Amino acid sequence: MHSELNRLISALQEFYARERFILDRDAGERTLTHRLAVHVERNFLGWDVDCDYNRLGERRMILPRGTIVSTDDTLGKSIYPDIVVHRRAVPENLLTIELRKAANHQPVEHDRHKLMALTDPHLWFAYWIGVLLVLDRTGLRGAEVYAGARLDRPLTAWLATRLVHMGLLAS
C-alpha cells in the first residue's frame, strides 16, 4: 500500500504546485476533485481514473439496505466515490479518494462511513485502499487511510509523516 500512497503523494505535490489559480480563488470541491484526478491519473499509468464513478463493470455500486451511507439517491450522497483508481473492464478496484475542503462545515462522518463501506472486503466491489483528504488553499489539513472497512491507524500515521516531510500537511 505504500507504493500507492507514494503515487498519491506525488499527485498531491503536482496538484498544489500547478493548481494555484483555482486554490487561490477558493474553487468548489467538484472543481478541486476533477483537477486532483488529473494529477492522480498521471501517477497511476495503466489504471483508469474517474470522478463520481458508480459502476463495477456493468453493475451499479449499491450498498446493502440498512448501511449507514444512503443508497437510494443519485445526488452524490450514496456510493459515488469522489475519485477512483480502477480498471473499468476487468473490473478491479485499487484506490478510492474522498475529498473535502477544510472550510466544509458538514460532518466528516459521512465521508468516513463511505470509505469504510467502499473498502469493506465483504462487498463485491471493495476497493483495496481508501483515503480521506481535507484540502486547504496552501496544503492538506488532514488525511486518513482506510482498508478492510476500518480506519488504518498505522497507514494513516505513515501517510501523515510523509505528507509533513513533503511540506503538504501542517504538523
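Anyway, here's the lowdown on the structure attached to this text. (Residues numbered from 1 in each chain as written. Predicted model: local features only at pLDDT ≥ 70, side-chain atom pairs only at ≥ 80, totals over all residues. Heavy atoms only, no water.)

### Remarks on the side chain of Glu 19
- If you trace the backbone, Glu 19 turns up in the loop between α1 (2-18) and α2 (20-24).
- Polar side-chain contacts of Glu 19 include one of 2.9 Å to the side chain of Arg 35.
- If near-sequence neighbours (up to four positions away) are discounted, Glu 19 is found in contact with Glu 14, Arg 35 and His 39. (Helix = DSSP H or I, 4+ residues; strand = E, 2+ residues; numbered from the N terminus. Polar contact = N/O pair within 3.5 Å; in protein donor to acceptor, adjacent residues only side chain to side chain. Contact = heavy atoms within 4.5 Å.)

### Some details on the sheet that holds strand β4 (residues 83-87)
- Reading across the sheet, the six strands line up as β1-β4-β5-β6-β7-β8 and stay open at both edges, with mixed pairing between neighbours. Whereas interior strands pair on both sides, the edge strands pair on one side only; in this sheet they are β1 (48-51) and β8 (150-151).
- Summarising the sheet, strand β7 (residues 140-147) and β8 pair through two bridges and their orientation is antiparallel. Residue pairing across strands places Ala 147 opposite Arg 150, the latter belonging to β8.
- Set on the sheet, α1 makes contact with β5 (92-101), β6 (129-135) and β7; between it and β6 the angle comes to about 25 degrees.
- Contacting β5, β6, β7 and β8, helix α4 (residues 109-118) crosses the sheet at an angle of about 180 degrees to β5. (Pairing = 2+ DSSP bridges. Axes fitted to C-alpha atoms, helices over the stretch in contact; angles between N-to-C directions.)

### Notes on the pattern of salt bridges
- Scanning the model with the defined rule gives 13 salt bridges in all.
- The residue Arg 20 makes a salt bridge to Asp 24 at a minimum N-O spacing of 2.9 Å. With Arg 20 and Asp 24 both in helix α2 and four residues apart, this pair spans about one turn of that helix.
- For Arg 20, a relative accessible area of 29% translates into the label partly exposed.
- Note that Asp 26 and Lys 101 form a salt bridge whose closest N and O atoms lie 2.8 Å from each other. You can see Asp 26 sitting in the loop between α2 and α3 (29-43) and its partner Lys 101 sitting in strand β5, a full 75 residues away along the chain.
- We classify Asp 26 as partly exposed; its relative accessible area is 39%.
- Relative accessible area serves as the criterion here: at 15%, Lys 101 is assigned to the buried category.
- Look at the salt bridges and you will find they share partners, linking Asp 26, Lys 101 and Arg 137 into a network. (Salt bridge = Lys/Arg side-chain N within 4 Å of Asp/Glu carboxyl O. Buried < 20%, exposed > 50% of the residue type's maximum accessible area, 1.4 Å probe, protein only.)

### Side note on the nonpolar core
- With 35 residues, the main nonpolar core has Val 40 and Leu 163 as its most contacted residues.
- Elements supplying a minimum of two residues to this core: α1, α2, α3, β4, β5, β6, β7 and α5 (153-165).
- Examining the composition of this core, we find that seven residues originate from one element, α1, more than from any other.
- Beyond its immediate sequence surroundings of up to four residues, Val 40 is in contact with Leu 8, Ala 11, Val 49, Val 85 and Ile 97.
- Of all hydrophobic cores here, the second largest spans six residues; its members include Tyr 53, Val 84, Leu 118 and Tyr 127. (Core = buried A, V, L, I, M, F, W, Y, C linked by side-chain atoms within 4.5 Å.)

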